Amino acid sequence: MPDKTAKTAAKATASKATASKVAAKTAPKAAAVAPKAAVAAPKAAVVAPKAAVVAPKAAAPRVEEPKKVVTQRQGFKANEFVVYPAHGVGQILAIEEQEIAGAKLELFVINFMKDKMTLRVPTAKVANVGMRKLSDPALVKKALETLKGRARVKRTMWSRRAQEYEAKINSGDIVAIAEVVRDLYRSESQPEQSYSERQLYEAALDRLSREIAVVQHSTETEAVKEIESQLAKSPRRGAKTEAGSEADGEGDEADADGDDAAVADEAA
């Protein structure tokens with residue numbers, strides 16, 4: 001009996017020793033975890049100041065940067081002569097900036113000396129309005145050659161033809177303008193032009209002579225004389241010849257119809 005009791009006591013003592021060893025091993029691990037958690041705390045503490053730094057930036061008033069001027073000059077420059085379809089030849093006096101609705105806009109300042117008018121055109125709109133550079137000498141020569149051709153008059157009411165002529169004049173195309181001058185020209189041997197015909201003829205002649213004068217570095221008077229000399233070489237409408245051709249007869253008939261229509265329109 002005493003031996004059994006001693007054995008039992010020895011087992012209990014061994015169990016307690018084992019438990020204390022396990023506790024000793026576990027304690028450092030738990031202690032090791034604790035520092036990690038403690039290390040995490042400073043990281044969270046470091047994040048807080050960053051968030052605190054963002055707040056002042058958001059609170060600071062935002063300064064808007066001035067909008068840049070969009071430059072679309074299409075190769076045009078100051079002191080250059082240009083052709084504006086609705087007004088003819090003009091000269092770019094300057095390129096200026098204006099602020100409209102908070103945005104800066106670049107403008108061409110164009111002077112039409114003969115009309116005593118100054119026009120401001122946004123540089124971004126030059127393509128839309130059809131503004132162009134002066135015609136080159138080869139195109140001017142083609143326009144002058146056009147004047148020597150036979151007049152082509154459609155057999156339509158004068159009101160419709162007048163609209164077509166006006167559209168050609170305002171197209172800015174130097175050859176199309178020359179066609180109007182050719183078609184509306186009247187020699188001394190031909191009937192006089194009606195008032196509306198004369199107005200369109202003079203408008204086309206003015207546009208054509210001004211551009212030719214600038215391109216050839218001459219005066220408008222000299223340009224008009226050159227145009228009239230070319231017109232004098234064209235086959236004259238209404239001039240009857242002994243051989244007379246069908247084509248001429250049709251042209252004369254078309255002219256007569258056109259004159260009658262013009263008189264009727266003006267009377268209306």
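Quick look at the structure, then. (Residues numbered from 1 in each chain as written. Predicted model: local features only at pLDDT ≥ 70, side-chain atom pairs only at ≥ 80, totals over all residues. Heavy atoms only, no water.)

1. Examining the pattern of salt bridges
Move 1: Scanning the entire structure with this criterion turns up 12 salt bridges.
Move 2: Among the ionic pairs, Glu-96 bridges to Arg-120, the shortest N-O distance being 2.8 Å. Residue Glu-96 is located in strand S2 (residues 88–100), and its partner Arg-120 is located in strand S4 (residues 117–122); the two are separated by 24 residues in the primary sequence.
Move 3: Take Arg-120: its relative accessible area is 46%, and that puts it in the partly exposed class.
Move 4: Among the ionic pairs, Glu-211 bridges to Arg-132, the shortest N-O distance being 3.0 Å. On the criterion of sequence distance, the pair formed by Glu-211 in helix H6 (residues 195–216) and Arg-132 in strand S5 (residues 132–133) is long-range, its members being 79 residues apart.
Move 5: Among the residues examined, Glu-211 registers a relative accessible area of 2% and is labelled buried.
Move 6: In this structure, a network of salt bridges that share partners links the residues Lys-114, Asp-206, Arg-210 and Glu-220. (Salt bridge = Lys/Arg side-chain N within 4 Å of Asp/Glu carboxyl O. Helix = DSSP H or I, 4+ residues; strand = E, 2+ residues; numbered from the N terminus. Buried < 20%, exposed > 50% of the residue type's maximum accessible area, 1.4 Å probe, protein only.)

2. Some points on helix H5 (residues 174–184)
Move 1: For H5, a buried count of 10 out of 11 residues is recorded, marking the element as mostly surrounded by other parts of the structure.
Move 2: When we look at burial in H5, the residues that qualify are Ile-174, Val-175, Ala-176, Ile-177, Ala-178, Val-180, Val-181, Arg-182, Asp-183 and Leu-184.
Move 3: The secondary structure elements touched by the buried residues of H5 are S5, helix H3 (137–147), helix H4 (158–169), H6 and helix H7 (220–232).
Move 4: Where H5 begins, the side chain of Asp-173 points an oxygen toward the backbone nitrogen of Val-175, at a separation of 3.1 Å. (Contact = heavy atoms within 4.5 Å. Polar contact = N/O pair within 3.5 Å; in protein donor to acceptor, adjacent residues only side chain to side chain.)

3. Focus on H6
Move 1: Its 22 residues give H6 an end-to-end C-alpha distance of 31 Å, which sits within 8% of 32 Å, the value for a rise of 1.5 Å per residue.
Move 2: His-217, located one to two residues past H6, shows a positive phi value of around 55°. (Expected span 1.5 Å × (residues − 1).)

4. Topic: the nonpolar core
Move 1: Core analysis: the largest hydrophobic core is formed by 27 residues, its most contacted members being Leu-147, Val-181, Leu-208 and Ile-227.
Move 2: Taken together, the elements giving at least two residues each to this core come down to H3, H4, H5, H6 and H7.
Move 3: Aside from chain neighbours lying at most four places away, what touches Ile-227 is Leu-144, Leu-147, Val-181, Leu-205, Leu-208, Ser-209 and Ile-212.
Move 4: By size, the runner-up hydrophobic cluster in this structure holds 10 residues, among which are Phe-76, Ile-92, Val-121 and Met-131. (Core = buried A, V, L, I, M, F, W, Y, C linked by side-chain atoms within 4.5 Å.)

5. Concerning the environment of Gln-199
Move 1: Examined against the element boundaries, Gln-199 turns out to sit in helix H6.
Move 2: Looking at Gln-199, its side chain comes within polar contact range of the side chain of Tyr-195, at 2.9 Å.

6. Re the packing of aromatic side chains
Move 1: Under the definition given, this model contains 3 aromatic pairs.
Move 2: When the ring of Phe-76 is compared with that of Phe-108, the centres are 5.9 Å apart and the planes differ by 75°; the resulting orientation is edge-to-face. Within this pair, whereas Phe-76 is found in the loop between helix H1 (2–59) and strand S1 (81–84), its partner Phe-108 is found in strand S3 (residues 103–112), the two being separated by 32 residues in sequence.
Move 3: Using a relative accessible area of 7% as the deciding quantity, one classes Phe-76 as buried.
Move 4: Centroid distance Trp-158 to Tyr-165: 6.0 Å. Interplanar angle 50°. Geometry classified as tilted.
Move 5: Take Trp-158: its relative accessible area is 3%, and that puts it in the buried class. (Phe/Tyr/Trp six-rings, centres within 6.5 Å; stacked < 30°, edge-to-face > 60°.)

7. Re the pairing of S4
Move 1: Relative to S4, S3 is paired through 6 bridges, and the arrangement is antiparallel. Bridged to Phe-108 within S4 is Val-121.
Move 2: Between S3 and the antiparallel strand that follows it, S4, lie 4 residues; Lys-116 among them carries a positive phi value of about 55°. (Pairing = 2+ DSSP bridges.)

8. Concerning the pairing of S2
Move 1: Here 4 bridges tie S1 to S2, and the two strands are oriented antiparallel to one another. Within the sheet, the bridge partner assigned to Phe-81 lies in S2 and is Gln-91.
Move 2: Relative to S3, S2 runs antiparallel, the two being bridged by 9 bridges. Bridging across to S3, Glu-97 finds its partner in Glu-106.
Move 3: Hairpin connection between S2 and S3: a loop of 2 residues separates the two successive antiparallel strands, and Ala-101 in this loop has a positive phi of roughly 55°.

Scope: geometric values only; no functional claims are made or implied.
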